[in-house]
Amino acid sequence: MKHKKILGILLAIFCLPLCGGWTTPTNADNESYYGGAQLISFYSNYEQISYSSKQIKTDIKTANGAPNYYPDATLPNGCGAAAGATILGFYDKYMDTIKNWSSVLPNGMYKKQDAVYVAQVMKALFDEMNTNATQPGVTENDFLTGLQNYTQSLGFSVNYDYIGNVSTLNYTSMKSAFSNNKAVVLFIKPDNLYSITNNSNTDTISTNYISANHILVAYGYYEIQYTLSSGTRTDAYLYVSPCVNLATQQYYKVTPSLVSAYIVDIK
Amino acid sequence: MKVQDFDKIIRETNACDNSTMAESLIAKHPEVFDNREDRNRRKAWTAKKRFAIFAPPVAAVCLASILIPCILLTGGSDSSNNDSENYYCYAGEYSISFSDKTLKEISMETGGGILFFDWYDVGSDCVTSIYNLNDTDVTICVNESIYNLETDDYIELNVSPSKYILDIFSVVLDSCVDEIMIDNVKVKYSVDATNSYGIITYNSYTYYLTLMYNSDAQRLFSLIEELLP
């Protein structure tokens, strides 16, 4: 009897990945994520860093970055659908995760969303994730389950690897994921996104504030050190697809706003 | 909290911010915007009749987007509002729709005064979107992205009548602090790790050009020279 019990436990452990199971934190259903374009504040304050020199300490990205798709007004609070579609668009470069469409240009770089195929995927994910069913947007489990169900319907499998929150984030695993061409989904509370533009010996860091719980897709890690007149300064960011319509390259700083992060691997 | 409550909150939150943002942006970039008056008060316009064109199905695929012609995308004067005002538009005030017309076609329909990259015969993946104000259907921006198969350039061009200041461009405006003259037109520009950005004002339109996946400002300058007549 004891052996049967142990055997059952072992079977459950080994079968769990085959069933698409994943580990989620206990609060995975506590928060809902509903970010959208109307919940972004564009601050007129920005920071200019004048430096004598700067050094990029770390710059790890997926092979060609990632696309950035955003929901239109027909998908209110649709950041879950947009993030899911962005992930599918990311993997569409390597497998047919967006049917009848290619997410990349002839040169292999990601292109902007179209009016038909990405729109169809976002609508399907919006429904699959039960967006706005019981509360605005989606919970973590809504997102993960919805994306899994949709991906499986395409004939692919998706594996999620939970890599922590702001206190427990496994940077080694995350950077390895980027190096191995895997996307990371971030669930965040209201926080800033940053643009970093370069002018003559000055970097301008502009801030956009997302005033809602939101979902981002990260695809790289960037660390830069400036030599200033007052000493040195080091900033670390994640390259992100913001899943809203923004005009410049966006970055996210890991702060207490980070609720959960998962490596998303589609095969 | 209901979905529609968010919009109400944003309107109330941004009611004060719009004034600050508009004044700040205009003060910092007077050459970009036609109007130098520090006024951003919205003016009630005469409502224009809205035409919704539903495109016929193409093969087995039905276009999901509502195709709305550009109404009032005029950089110069129009009869329905006071040209002396600038308008700061935040995301809750406008909607984005895909267009079945190219920027070239829109330019031709509005008198030919809008610049565009005529890459349609050598390009691919052309996507055109229009930004319309929710309450008036007035078009405040046209966005077109297109890839040039011959030169490997992938650009995104946003064009707005200069009196409109869209929130999404405020970051670009703040970051484009370097300047260069090209064909007697002032170009404000910057680069980041991925893209190059340039802003010009020509014939009462403001153009925001993004050269994607290329941080070479010289290439950006060449494209702006190509864009200008």
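Only a predicted model underlies this, so the values are computations on that prediction, with no experimental measurement involved.

Novice: Even after reading the chapter, I still don't get the overall build of chain B, so can you show me in this structure?
Specialist: Along the backbone of chain B there are four helices and ten strands. Going residue by residue from the N terminus, the α and β elements of chain B occur as α-β-β-α-β-β-β-β-α-β-β-β-β-α. By the burial criterion, 43% of the 229 residues in chain B qualify as buried. Counting only contacts in chain B whose residues sit at least 6 apart along the sequence, the fraction spanning at least 24 positions is 64%.

Novice: Explanation requested: the overall build of chain A in the structure shown.
Specialist: Regarding its fold elements, chain A presents five helices and ten strands. By residue count, 47% of the 267 residues in chain A fall in the buried class. In chain A, the proportion of contacts linking residues at least 24 apart, taken out of those at least 6 apart, comes to 74%.

Novice: Even after reading the chapter, I still don't get the environment of A:Phe187, so can you show me in this structure?
Specialist: Residues and elements named next belong to chain A. Relative to the helices and strands, phenylalanine 187 resides in strand 4 (residues 183–188). As for phenylalanine 187 and alanine 261, which are separated by 74 residues in sequence, their C-alpha atoms are 6.4 Å apart. When residues no more than four places from it in sequence are discounted, the contact partners of phenylalanine 187 are Tyr33, Glu140, Ile215, Val259 and Ser260.

Novice: So what exactly am I meant to see when it comes to the nonpolar core here?
Specialist: All names here are of chain A. Core analysis: the biggest nonpolar cluster contains 126 residues, and Met122, Val184, Leu186 and Val217 have the highest contact counts within it. Sorting elements by how many residues they give to this core places helix 2 (residues 79–92) first, with nine residues. Not counting chain neighbours up to four residues away, the residues in contact with leucine 186 comprise Ile215, Leu216, Ala218, Tyr252, Leu258 and Ala261.

Novice: Sorry if this is basic, but what is going on with helix 5 (residues 171–179) of chain A here?
Specialist: Residues spaced three or four apart along an α-helix point in a common direction, a consequence of the helix completing one turn every 3.6 residues. All names here are of chain A. Among the residues making up helix 5, those that are buried are Met174, Ala177 and Phe178. The buried residues of helix 5 all sit within an arc of 100 degrees when viewed along its axis, so they share a single face. Asparagine 181 occupies a position one or two residues after helix 5 and carries a positive phi of about 60 degrees.

Novice: Mind showing me how you'd approach the interface of chain B and chain A here?
Specialist: As a measure of interface size, the accessible area lost when the parts come together is often cited. Contacts between the two partners involve 47 residues from chain B, matched on the other side by 38 residues from chain A. Breaking the side of chain B that touches chain A down by element, the ones donating at least two residues are helix 1 (3–28), strand 2 (94–99), strand 3 (123–133), strand 4 (139–148), helix 3 (170–175), strand 8 (185–191) and strand 10 (205–212) of chain B. Ranked by residues supplied to the side of chain B that touches chain A, first place goes to helix 1 of chain B with nine residues. When its residues are assigned to classes, the side of chain B that touches chain A shows 26 nonpolar, 13 polar and eight charged.

Novice: Help me understand the confidence of the model for chain A, please; the structure alone is not making it clear to me.
Specialist: The predicted coordinates of low-pLDDT regions are not to be read in fine detail. For chain A, per-residue confidence averages 90 on the pLDDT scale, and residues scoring 70 or more make up 89% of the total. Low confidence marks residues 11–19 of chain A, where pLDDT is under 50. Its contacts with residues over four positions away, or in another chain, come to two contacts.

Novice: Teacher, can you tell me more about the confidence of the model for chain B here?
Specialist: All names here are of chain B. Mean pLDDT over chain B stands at 75; residues scoring 70 or higher make up 66%. Confidence scores differ between elements of chain B, with helix 1 showing the lowest mean pLDDT of 49 and helix 4 (residues 217–227) the highest of 98. Throughout residues 35–69 the model reports pLDDT below 50, and contacts reaching past four residues in sequence, or to other chains, amount to 59 contacts. Counting interchain partners and residues more than four positions distant, the pLDDT-below-50 stretch residues 76–82 has eight contacts. As a predicted assembly, this complex carries a pTM of 0.83 together with an ipTM value of 0.88.

Novice: What's the story with unusual backbone geometry in this structure? I'm lost.
Specialist: Among all residues except glycine, the phi angle is most often negative; among peptide bonds, the trans geometry is most common. The phi dihedral of A:Asn77 falls on the positive side, at around 55 degrees, and the residue is not glycine. Residue position: A:Asn77 is located in the loop between strand 2 (53–61) and helix 2. For A:Asn77, a count of 25 C-beta atoms within 10 Å corresponds to the buried category. In this structure, B:Asn184 takes a positive phi of about 65 degrees despite not being glycine. Checked against the element boundaries, B:Asn184 lands in the loop between strand 7 (178–182) and strand 8. Under the C-beta neighbour-count criterion, B:Asn184 is labelled exposed, with 6 such atoms within 10 Å.

Thresholds applied
Residues numbered from 1 in each chain as written. Chains lettered and ligands numbered in written order. Predicted model: local features only at pLDDT ≥ 70, side-chain atom pairs only at ≥ 80, totals over all residues. Helix = DSSP H or I, 4+ residues; strand = E, 2+ residues; numbered from the N terminus. Buried ≥ 20, exposed ≤ 12 C-beta atoms within 10 Å, placed from the backbone. Contact = placed C-beta atoms within 7 Å. Core = buried A, V, L, I, M, F, W, Y, C linked by C-beta atoms within 7 Å. Arc of directions from axis to C-beta. Nonpolar A, V, L, I, M, F, W, Y, C, P; charged D, E, K, R; others polar. pLDDT = per-residue confidence, 0-100.

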